[in-house]
Amino acid sequence: MALFLFLFLIGCEKANEVENPAPDSPFLVILGTAQDAGYPQAGYQDEWKAIDLGQRKPLYTVALGLVDPKNNIRYLFEATPDFKEQLQMLDEVSTTDNYPFDGIFLTHAHIGHYAGLMHLGKEVMGTSSVPVFAMPKMKTFLEENGPWSQLVKLNNISLKPTQDSTLLELSGGISVMPFTVPHRDEYSETVGYKIQVQNQSVVFIPDIDKWNKWDVDIREVVKANDLILIDASFYQDGELKGRDMSLIPHPFTKESMELFKDLSEADKTKVYFIHANHTNPILDINSAEYEEVIKVGFHIAEQGQIFSFDQ
Ligand SMILES: [Zn+2]
Ligand SMILES: [Zn+2]
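Going along each chain's sequence as written, the residues are numbered from 1 onward. As a convention, the first chain written is A and the first ligand written is 1, with the rest following in written order. Only residues with pLDDT of at least 70 are given local features in this predicted model, and only at 80 or more are side-chain atom pairs given and counted; all residues enter the totals for whole chains, interfaces and linings. Side-chain numbers come from the whole structure's heavy atoms, not from hydrogens or water.

## A short note on the pairing of strand β1 (residues 27–32)
The buried fraction of β1 is high, at six of six residues. Here, any two strands with at least 2 DSSP bridges between them count as paired. Put simply, DSSP marks the helices as runs of H or I at least four residues long and the strands as runs of E at least two long, and each gets a number from the N terminus on. With five bridges joining them, β1 and strand β2 (residues 63–68) adopt antiparallel strand pairing. When the sheet's bridge partners are listed, G32 is paired in β2 with A63. In this structure, β1 lies alongside strand β14 (residues 306–308), joined through three bridges in antiparallel fashion. Residue F27 lies in a different strand from β14, and its bridge partner there is S308. For every residue, the accessible area (1.4 Å probe, protein chains only) is compared with the maximum for its type, and the residue is labelled buried under 20%, exposed over 50%, or partly exposed between those bounds.

## A word on the packing of aromatic side chains
Side-chain rings of Phe, Tyr and Trp (the six-membered ring for Trp) are treated as a pair once their centres are within 6.5 Å; stacked means planes under 30 degrees apart, edge-to-face means over 60, and tilted covers the remaining angles. Counting across every chain of the model gives 14 aromatic pairs. Relative to F101, the ring of F83 lies with its centre 6.0 Å away and its plane at 80 degrees, an arrangement referred to as edge-to-face. With F83 in helix α2 (residues 83–93) and F101 in the loop between α2 and β4 (103–105), this pair connects stretches of sequence that are 18 residues apart. On the basis of relative accessibility, which here comes to 3%, the residue F83 falls in the buried class. Taking the centre distance of 5.4 Å and the plane angle of 40 degrees together, the rings of F141 and Y187 count as tilted. Taken together, the residues F141 in helix α4 (residues 136–144) and Y187 in the loop between β8 (174–180) and β9 (191–197) connect sequence positions 46 residues apart.

## Thoughts on the nonpolar core
We call a set of buried residues a nonpolar core when its members are Ala, Val, Leu, Ile, Met, Phe, Trp, Tyr or Cys and they connect through side-chain atoms within 4.5 Å of each other. Formed by 34 residues in total, the largest nonpolar core has its most connected members in I104, L106, Y114, L117, M138, L142 and W148. Elements supplying a minimum of two residues to this core: β1, β2, α2, β5 (130–134), α4, α5 (148–153) and β6 (157–161). Formed by 30 residues, the second largest nonpolar core is a distinct cluster that contains A34, F179, L283 and F298.

## A few points about the coordination of the zinc ion (ligand 2)
Metal coordination here is assigned from N, O and S atoms located within 2.8 Å of the ion, or within 3.2 Å for Na, K and Ca; omission of water means that sites may look incomplete. Around the zinc ion (ligand 2), the protein contributes the donor atoms H108 (NE2), H110 (ND1) and H183 (NE2), which lie 2.1 to 2.2 Å from the metal centre. Ordering the donors of the zinc ion (ligand 2) by residue number gives the pattern H-x1-H-x72-H. The two metals, the zinc ion (ligand 2) and the zinc ion (ligand 1), are separated by 3.7 Å. Taken together, the positions of H108 in the loop between β4 and α3 (111–114) and H183 in the loop between β8 and β9 put the pair 75 residues apart, joining distant regions of the chain. Take H183: its relative accessible area is 6%, and that puts it in the buried class.

## Some words on the coordination of the zinc ion (ligand 1)
For the zinc ion (ligand 1), the full set of protein donor atoms is D36 (OD), H113 (NE2), D207 (OD) and H275 (NE2), at a range of 2.0 to 2.1 Å. Square planar and octahedral sites, with four and six donors, are those where opposite donors lie more than 155 degrees apart and all other angles lie between 65 and 115, tetrahedral sites have four donors with every angle between 85 and 135 degrees, and the rest are irregular. Relative to the metal, the four donor atoms surrounding the zinc ion (ligand 1) lie at angles of 85 to 174 degrees, and the coordination shape comes out irregular. Mapped onto the polypeptide sequence, the residues donating to the zinc ion (ligand 1) form the spacing pattern D-x76-H-x93-D-x67-H.

## Observations regarding the sheet that holds strand β7 (residues 168–169)
The seven strands are arranged β7-β8-β9-β10-β11-β12-β13 in an open sheet whose pairing can be described as mixed. Either end of the sheet is taken by a strand with one partner, and the two such strands are β7 and β13 (299–300). With four bridges connecting them, strand β11 (residues 227–231) and strand β12 (residues 271–274) associate as parallel partners. Its bridge partner being in β12, L229 is matched across the sheet by Y272.

## Description of the side chain of S149
Residue position: S149 is located in helix α5. What makes two residues a contact is simply this: any of their non-hydrogen atoms within 4.5 Å. Apart from the residues within four sequence positions on either side, S149 is in contact with L142, E143 and E144.

## Looking at the confidence of the model for the chain
How sure the predictor is of each residue is captured by pLDDT, a score from 0 to 100. Across the chain, the average pLDDT comes to 94, with 95% of residues at 70 or higher. Across residues 7–13 the pLDDT falls below 50, and counting only partners more than four positions away or on other chains, this stretch makes 20 contacts in the model.

## Remarks on the pattern of salt bridges
Any Lys or Arg side-chain nitrogen found within 4 Å of a carboxyl oxygen on Asp or Glu counts as a salt bridge. Enumeration over the complete set of coordinates arrives at 12 salt bridges. Of the charged contacts, one joins K210 and E255 as a salt bridge, the two residues approaching to 3.1 Å between their closest N and O atoms. Here E255 lies in helix α7 (residues 253–259) and K210 lies in the loop between β10 (200–205) and α6 (218–224), a separation of 45 residues in the sequence. Of the residues examined, E255 reaches a relative accessible area of 35% and is grouped as partly exposed.

Have a look at this one:
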């Protein structure tokens, strides 16, 4: 049974535009597609100029919204530095009785994945008990380090412990399961998520070291699920001039495509690359690399794109 990619594509003029109207059934919305630092990145004049000239669009850091319209429920995956824009995007297509979210799921303690929690504090929204789902080390990191510890003390957020490979049943037939993946775990462990609605499932792995460091075969994950959103930080080796890229391992987009080359066409179409660094040419829809990825049967996630779960 396939997941229904009502791919409502884009072409939005505003960066924070979401395809509208949203479906009546549960859906996922892509709130950002870039690596932690977004696009354009701080200090890169060429990138800012490309935005000014209308050649490129600003792209937010990777985040997903999971919406259950019937029950007025919505969840956020990742609290990014672009939190306020992403909340605005989600407000355009969904509502909740527990503003701003019924829950926030975090993957790990790298800046692009949790720093947006700052908007929940007293300097900004001053929220009350927003459920934040976190693994043990991530939870301790937030509890023991300012300014995050203040969010806990003032009850702006309410930390909900999660465990590796343990399913969380949410309402409306939705369940979420974190699973650990190998990554540079300086402050916390790192997880991906399996999001299940009825019998359809999406796997989200924004950050991981090389595929061969994981004790799971990603090809089997592709086969067993309906949609896969995976780490495409860099296109290929040598992309970061003057930096030793072995110190920041990620599966190169080219390596992933090579690894997946014998998958069926149907399995290939489930693969969406996401979390692209500002240097990865797939962020530019006019690049030869973007065209190559599409030509061989894969997808590149688009900001504002909606995936609807069939009901
Ligand atoms: Zn990241
Ligand atoms: Zn990371």
